[in-house]
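# Commentary on secondary and tertiary structure
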Amino acid sequence: MLIHTVMWKFADAEGKTKAENVDIVKDGLEALIGKVPVLQSIEFFKNEVVCDRNFDAMLVVKVANESDLDAYKNHPAHKAVAAYVAKVTTARAAVDMYA
């Protein structure tokens, strides 16, 4: 199993507050289950401790392998959410690992 983790720093953008953007992205990403066949699971976590150094949210996606990760990244439903994410975030970090 390949675990794809992503963290973001969000901003006030697109006429929404940072908190609203986190919720919009959370809802959009969690809605991908059932739309993107290769997804085994997807979990979205909001940061709970206020600290300027912390990221605001983290995503954990589980797929079978790198080919499925590519299929997820290139799926039109994911691309639509990712386009919004790009507009409302200021930083991103990711780690992919096999478990």
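Bear in mind the structure is a predicted one, so any value in this text is a computation, not a measurement.

## A look at the pairing of strand S3 (residues 57-63)
Here is the key point about a regular strand: its side chains alternate between the two faces of the sheet. Here S3 lies mainly inside the structure; 5 of its 7 residues are buried. Of the strand pairs in this sheet, strand S1 (residues 2-10) and S3 are connected by 7 bridges, and their pairing is antiparallel. Bridge pairing in S3 links Met 7 to Met 58. Bridge analysis of strand S2 (residues 41-46) against S3 gives 6 bridges, and the strand direction is antiparallel. By the bridge assignment for S3, Ser 41 is matched with Lys 62.

## Some remarks on the nonpolar core
If you look at the biggest cluster of nonpolar residues, it comprises 23 residues, and the most contacted ones within it are Trp 8, Leu 29, Leu 32, Leu 39, Phe 44, Leu 59 and Tyr 72. Elements supplying a minimum of two residues to this core: S1, helix H1 (18-30), S2, S3, helix H2 (66-74) and helix H3 (76-88). Contacts of Leu 32, omitting those with residues within four sequence positions, involve Leu 39, Tyr 72, Ala 77, His 78 and Val 81.

## Digging into the sheet that holds S1
Ordered by their spatial adjacency, 4 strands build an open sheet running S2-S3-S1-S4, and the pairing between neighbours is antiparallel. Pairing within the sheet leaves two strands with one partner each, and these edge strands are S2 and strand S4 (89-98). On average, adjacent strands in this sheet sit at an angle of 15° to one another, irrespective of strand direction. Sheet contacts for H1: S1, S2 and S3; angle to S2, the most-contacted strand, approximately 170°. Contacts from H2 reach S1, S2, S3 and S4, with the element oriented near 35° to S1.

Reading the values: the criteria
Residues numbered from 1 in each chain as written. Predicted model: local features only at pLDDT ≥ 70, side-chain atom pairs only at ≥ 80, totals over all residues. Heavy atoms only, no water. Buried < 20%, exposed > 50% of the residue type's maximum accessible area, 1.4 Å probe, protein only. Helix = DSSP H or I, 4+ residues; strand = E, 2+ residues; numbered from the N terminus. Pairing = 2+ DSSP bridges. Core = buried A, V, L, I, M, F, W, Y, C linked by side-chain atoms within 4.5 Å. Contact = heavy atoms within 4.5 Å. Axes fitted to C-alpha atoms, helices over the stretch in contact; angles between N-to-C directions.

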